[in-house]
Amino acid sequence: MRIELEAGHFSAVHFIAEHERCEHLHGHNWRVRVEVEGEPDRRGMVVDFLELRAKVDEILRRYDHRVLLPTLNPLVELEEEGTGVRVRAGHRTFLFPAEDVVRLPVVNVTVEELARLIGEELAEGLRAPNLRRLVVRVSEAPGQEAVFEHTLR
């Protein structure tokens, strides 16, 4: 049986190094949907929607209203500077308040990488023996989404 949840959203700023248009600083209202497959448990539930939403909310709160920065891109330099983070990417330099920055272990902050990161973290929190599969969909705009699929157990 498959359960689907319109799990939440977050607003964040990012850029994509070496992308003609998206190299400019810009933001999205990212939307996250989650599917879980498995057998109903003794309560007749595959997963408790409230528990699943709480787990997703915990993840998304860390990204919401932040600047998302890649840490694995050799063309992007991040440097602590006082209470800020100086970012050099190509011919651009930014200085952001450190409290507004989220460093992500990705080459670029893309919808694909966000789907993977959110999916992997969510999979760690879903340890019920009745669950078989997790699908996380992240969209950055209508019709533009990435899908991460993970086998549980």
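Residues numbered from 1 in each chain as written. Predicted model: local features only at pLDDT ≥ 70, side-chain atom pairs only at ≥ 80, totals over all residues. Heavy atoms only, no water.

Enquirer: Before we go on, may I ask you to explain the sheet that holds strand E4 (residues 76-81) in this structure?
Expert: Two orientations exist for strands paired in a sheet by backbone hydrogen bonds: parallel and antiparallel. Taken in spatial order, the three strands make up an open sheet running E4-E5-E6, and their pairing is antiparallel. Whereas interior strands pair on both sides, the edge strands pair on one side only; in this sheet they are E4 and strand E6 (92-97). Direction aside, the axes of adjacent strands within the sheet are offset by 20 degrees on average. Direction of pairing for E4 relative to strand E5 (residues 84-89): antiparallel, over a ladder of six bridges. Bridge pairing links Glu80 to Val85 in E5. (Pairing = 2+ DSSP bridges. Helix = DSSP H or I, 4+ residues; strand = E, 2+ residues; numbered from the N terminus. Axes fitted to C-alpha atoms, helices over the stretch in contact; angles between N-to-C directions.)

Enquirer: Looking at this structure, how should I read the pairing of strand E1 (residues 2-14)?
Expert: In regular strands, side chains alternate between the two faces of the sheet. Sheet topology note: the E1/strand E2 (residues 26-38) ladder contains twelve bridges and is antiparallel. Among the inter-strand pairings, Glu6 is bridged to a residue of E2, identified as Arg33.

Enquirer: Hey, could you run me through the environment of Asp48 in this one?
Expert: As for its placement among the helices and strands, Asp48 is situated in the loop between E2 and helix H1 (49-63). In sequence terms Asp48 and Glu145 are 97 residues apart; their C-alpha atoms lie 25 Å from each other. A distance of 2.8 Å separates the side chain of Asp48 from the backbone nitrogen of Leu50, its partner in a polar contact. (Polar contact = N/O pair within 3.5 Å; in protein donor to acceptor, adjacent residues only side chain to side chain.)

Enquirer: What am I meant to see in the pattern of salt bridges here?
Expert: A pair can form between side chains of opposite charge whenever their charged atoms are brought close. Evaluation of the coordinates by the stated rule reveals 16 salt bridges. In this structure, Arg132 engages Glu39 in a salt bridge whose closest nitrogen and oxygen atoms are separated by 2.6 Å. One end of the pair, Arg132, is in strand E8 (residues 131-141); the other, Glu39, is in the loop between E2 and H1, and 93 residues separate them in sequence. For Arg132, a relative accessible area of 31% gives the class partly exposed. Of the charged contacts, one joins Asp41 and Arg43 as a salt bridge, the two residues approaching to 2.9 Å between their closest N and O atoms. Using a relative accessible area of 23% as the deciding quantity, one classes Asp41 as partly exposed. (Salt bridge = Lys/Arg side-chain N within 4 Å of Asp/Glu carboxyl O. Buried < 20%, exposed > 50% of the residue type's maximum accessible area, 1.4 Å probe, protein only.)

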